[in-house]
Amino acid sequence: MESHEVFIDKINEVYIRVDSEMSIAQEISDHFTFLVPGHTFIPAFRKRIWDGKIRLFNVMNRQLYYGLLPHLCKFLFLRDYKTKFKHDFKNDYVELNDDYIHTLKLPVKPRQYQIDAASHALSSHRSLLLSPTASGKSLIIYILVRYLKRKTLILVPTTSLVSQMYNDFREYGWDVANNCHTIFAGRDKVSELPVIISTWQSVYKMPQKYFEQYELVIGDEAHGFKSKSLTSIMTKCVNAKYRIGTTGTLDGTQTHKLVLEGLFGKVHKVTTTKDLIEKKHLSAFKINALVLKHPDSICFDLKNISYQEELEYLISSEARNNYIMNLVTGLEKNSLLLFRFVEKHGRILYDMIKENTDGRKIFFVYGGTDSDTREQIRHIVESESDAIIVASYGVFSVGVNIRNLHNIIFASPSKSRIRNLQSIGRGLRLSDKKEIATLYDIADDLDVWANAIIKNKASVIKSQIISMLVAHCNENDIAIATGEDAQITQAYDLGIVRTAKDRLNDVPDAPGGE
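Keep in mind that what you see is a predicted model, and the values were worked out from it rather than measured. (Residues numbered from 1 in each chain as written. Predicted model: local features only at pLDDT ≥ 70, side-chain atom pairs only at ≥ 80, totals over all residues. Heavy atoms only, no water.)

## Structural notes on the overall build of the protein
We apply this condition: The helix count covers DSSP runs of H or I at least four residues long, the strand count covers runs of E at least two residues long, and both are numbered beginning at the N terminus. The cut-offs for exposure are 20% and 50% of the maximum accessible area for each residue type, with area from a 1.4 Å probe on protein chains only; residues under the lower value are buried, those over the upper are exposed, and the others partly exposed. Any two residues whose heavy atoms approach within 4.5 Å at even a single point are treated as in contact. Only the protein chains shown count as covering a residue, and every accessible area follows the Shrake-Rupley method with a 1.4 Å probe.
Looking only at helices and strands, one finds 22 helices and 20 strands in the protein. Split into buried and exposed, the 514 residues of the protein put 49% on the buried side. Here the contacts in the protein between residues at least 6 apart in sequence split such that 73% fall between residues at least 24 apart. On the protein, roughly 25700 Å² of surface is accessible, and the fraction owed to carbon and sulfur atoms is 50%.

Written out as structure tokens, the structure reads:
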């Protein structure tokens, strides 16, 4: 082996092997090593038993995720390393045509971007399809499954989405009873049917032998596959030649993107929310940010608390919950209220809303609601005009398809970019019964005390500037402008503010300031 030669071989459908000198291997390892976002808050890092980094290339066994092959080749090319392939990694190009689409006898005509996305996935064998909510990802998955005709595992995050995917396939005209088996809530994990639709929670503890049967694995809502349990499933699927992920959102970090690309393949942008709204494929959308100002006395008491303690205060605030209840009951048409904590917040809001409404259908959905009930609620709301769903983020923020939804209210704050974007997507689906969807994003201003100090100090400074203006104008026989704002402007024009600026440090703090 020459000093600058790198040999790349295929181990299985999960890993490739990269053979080179140790110095190059270490260089590759450094390139594929990243600090985990938020690592400083993880106990293992705080206990100094982990350095906060994730390493995607193993220097000892020289293994790298198959999906990172394009990134590896680019890295080696830019450094002029000689690369030799011991395996033919090329794939044949597949382009789906209208003749094949017609054979599926679909009740709806696929949009061109859906056909292009399926063609791309079939050509590359592995891909992470980035396509926004309501862009028709289930139809893309259906086209892939029907075309490949292989033993397939479709993984989704919730039981609701298992039922939804199964029903979508039935609506597309397939005989699902003889082709699809669903797994959740203790159902049999083994089936001779060609397509298995399962929550990842139901199968992640199964041995590798179970996963070796699958030649096609599809991860719906793939942004969640960075977790250890989901990663273990993907690494057990050693014979899955086709590995397709679909998601509407990534969290924006390089680490998240590369882990997912390693498991599935390169990100392929299918379309955008903006394009779909402009083409009238998605509903028009607006956001109303509602800022709730809390009493100064409370803000002062909360000024040194942690984020978790602040969250506890917000969800237990009677005044805040009353505001949310009045907001929801005052909105017309179908509304979805999303919360984070079931007993401490969600159930309280549900009871308050139920007590203060007459005649409206109100539903409470959380992790303990069985999948059949969730599916029934989804269908009921589609035919209602004034229903209210009080649901947990975990159940209803991802993938649930309710077209007839007009209002979304965030009852609990969330730092998760993915959760927020996914939740917004619940209102984007097009319906003949709505013209526009509205998000009511409730924010809380707990800095009123600090703002009062700033305003107080600003008022003192303003008074000083005007006093100096009056003195200057009297000494120089200059007419004084009328009105405080005009006088401040005049002070700037005359250069008096510079004199005042030199004295700002002498301005006393407002009463109660630190």
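After that view, the rundown keeps rolling.
## Some remarks on helix 17 (residues 371–383)
Three or four residues apart is the spacing at which side chains of an α-helix point the same way, because the helix has 3.6 residues per turn. To be explicit about the condition: For a helix, the expected span equals 1.5 Å multiplied by the residue count minus one. Directions pointing from the helix axis toward each C-beta atom define the arc.
For helix 17, with 13 residues, the first-to-last C-alpha span of 19 Å sits near the 18 Å given by 1.5 Å per residue. Those residues of helix 17 that fall on the buried side of the exposure criterion are S371, R374, E375, I377, R378 and V381. One side of helix 17 holds all its buried residues, which, seen down the axis, span an arc of 160°. Turned more than 90 degrees away from the buried face of helix 17 sit Q376 and S383, all of them exposed.

## Comments concerning the packing of helix 5 (residues 112–124) against helix 6 (residues 137–148)
In a pair of packed helices, the angle between the axes and the distance between the axes together describe the arrangement. Inclusion rule: Simply put, an axis is a line fit to the C-alpha atoms, just over the touching stretch for a helix, and the angle between two N-to-C directions goes from 0 to 180 degrees. Orientation categories follow fixed angle ranges, with anything under 35 degrees roughly parallel, anything over 145 roughly antiparallel, 65 to 115 roughly perpendicular, and all other angles oblique. Crossing handedness: left-handed means the near helix sits turned counterclockwise from the far one by under a right angle, and right-handed means the same turn made clockwise. For this classification, Asp, Glu, Lys and Arg are treated as charged, while Ala, Val, Leu, Ile, Met, Phe, Trp, Tyr, Cys and Pro are nonpolar and the rest, including Gly, are polar.
Where helix 5 contacts helix 6, the two axes come as close as 9 Å, and the packing angle between them is 45°. Taken together, helix 5 and helix 6 sit at an angle that is classed as oblique. Read as a crossing pair, helix 5 and helix 6 show a hand that is right-handed. For the pair helix 5 and helix 6, the contacting residues are Q114, A117, A118, A121 and L122 in the first and L139, I140, I143, L144, Y147 and L148 in the second. For the contact of helix 5 with helix 6, the per-class residue count stands at ten nonpolar, one polar and no charged.

## Brief notes about helix 1 (residues 22–31)
Listed as buried for helix 1 are I24, A25, I28 and S29. Seen from one end, helix 1 has its buried residues packed into an arc of 145°, which puts them on one side. Looking at the packing, one finds that the buried side of helix 1 touches strand 1 (5–10), strand 2 (15–19), strand 3 (33–35), strand 5 (57–58) and helix 3 (69–78).

## Considerations on the packing of aromatic side chains
Selection rule: To pair, rings of Phe, Tyr and Trp, with the six-membered ring standing in for Trp, must have centres within 6.5 Å; the planes then decide the type, stacked if under 30 degrees apart, edge-to-face if over 60, and tilted in the middle. Note on criteria: charge over ring means Lys NZ or Arg CZ within 6 Å of the ring centre, with the direction from the centre no more than 35 degrees off the ring normal.
On inspection of all chains with the given rule, the structure shows 14 aromatic pairs. Where Y66 meets F89, the ring centres are 5.7 Å apart and the plane angle is 85°; that geometry is what we call edge-to-face. With a gap of 23 residues between them, Y66 in the loop between strand 6 (63–65) and helix 3 and F89 in the loop between strand 7 (82–85) and helix 4 (98–103) connect regions that are remote in the sequence. Both residues of the pair, Y66 and F89, belong to the buried class. Residues Y142 and W174 carry aromatic rings whose centres are separated by 5.8 Å and whose planes lie at 75° to one another, so their mutual orientation is edge-to-face. Linking Y142 in helix 6 with W174 in the loop between helix 7 (159–171) and strand 10 (180–183), this pair joins segments that are 32 residues apart in sequence. Using a relative accessible area of 15% as the deciding quantity, one classes W174 as buried. Every member of this aromatic cluster is reached through a ring pair, and the members are Y142, F169, Y172 and W174. Across the ring face of Y66, the terminal group of R126 is positioned such that the distance to the ring centre comes to 3.7 Å.

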